[in-house]
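Report on the structure
Take a look at the letters that make up each chain.
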Amino acid sequence: MSKTEVKKYIKSLDRQGLEQLVLDLYTARKEAKEFLDYAVHPNDNAKYEQYKEIITKEFFPKRGDGKMRFSVCKKAVKDFKTLDPDPVLLCDLMLYIAECASKVANGWGDLWESFYDSTYTNFVNALKEISKQGLKSHFQKRVDEIIANCQSSGYGFPDMMEDAYAEYWNED
């Protein structure tokens, strides 16, 4: 179904029908419930903390080793982004993935190549968004710490991260 068809359908509903449709959607889909909850009670900081905790658990769970699933972390950022949050919080969350990964890399030493590739990709995405939002000075210290944490890693990872920094951070 296209967006146009949905618009036509919504226009055909009376107020009571539209209310019922929204309530049915709220009940049927977790994502819709979260979106509508946020629309009624917007709280960027609370949502930020919720999604940050998802990322934290992937890298530093309370018990055991982290699963470090970048797909889960990317989904947390994507879901947070759909709420149209404060750009500072969005950039912070995006950078937090690379920050956690760089701390793991620094603490564990050599990891698998796909870990480094995913960290690099998430770092580049964060740098691009931070640059786009004009927030470089706000995040400079944390970006520098990420680069420093990568220095003891293998697979050319420090060079990749420094190249990303040079390309996407210093491109003014």
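1. A closer look at the side chain of Glu34
For Glu34, the position within the fold is in helix 3 (residues 30–40). Glu34 sits in the buried class, given a relative accessible area of 17%. Apart from residues no more than four positions distant in its own chain, Glu34 is found in contact with Lys47, Gln50, Tyr51 and Leu83.

2. With respect to the state of the cysteines
Under the definition given, this model contains zero disulfides. Here Cys91 is not cross-linked by a disulfide; its sulfur's nearest cysteine counterpart is in Cys100, at 16 Å. Summary of cysteine pairing: Cys150 is not part of a disulfide, and the nearest cysteine sulfur, belonging to Cys100, is at 12 Å.

3. Here we look at a negative patch on the surface
Together, Asp159, Glu162, Asp163 and Glu167 make up a region of like negative charge exposed at the surface. Relative to the helices and strands, Asp163 is located in helix 9 (residues 157–168).

4. Structural notes on the packing of aromatic side chains
Tallying each qualifying case throughout the model produces nine aromatic pairs. Ring pairs connect the aromatic residues Phe59, Phe60, Phe70, Trp112, Phe115, Tyr116 and Phe157, which therefore count as one cluster. Over the face of the ring belonging to Tyr96 we find Lys52, whose NZ or CZ atom lies 4.8 Å from the ring centre. Above the face of the Trp169 ring, Lys136 is positioned so that its terminal group lies 5.7 Å from the ring centre.

What counts, and where the lines are drawn
- Residues numbered from 1 in each chain as written.
- Predicted model: local features only at pLDDT ≥ 70, side-chain atom pairs only at ≥ 80, totals over all residues.
- Heavy atoms only, no water.
- Helix = DSSP H or I, 4+ residues; strand = E, 2+ residues; numbered from the N terminus.
- Buried < 20%, exposed > 50% of the residue type's maximum accessible area, 1.4 Å probe, protein only.
- Contact = heavy atoms within 4.5 Å.
- Disulfide = S-S within 2.5 Å.
- Patch = residues over 30% accessible without salt bridge, like charges linked within 9 Å, V, L, I, M, F, W, Y side chains within 5 Å.
- Areas by Shrake-Rupley, 256 points an atom, 1.4 Å probe, with all protein chains shown as cover.
- Salt bridge = Lys/Arg side-chain N within 4 Å of Asp/Glu carboxyl O.
- Lys, Arg positive; Asp, Glu negative; His and termini not counted.
- Charge placed at Lys NZ, Arg CZ, Asp CG, Glu CD.
- Phe/Tyr/Trp six-rings, centres within 6.5 Å; stacked < 30°, edge-to-face > 60°.
- Lys NZ or Arg CZ within 6 Å of the ring centre and 35° of its normal.

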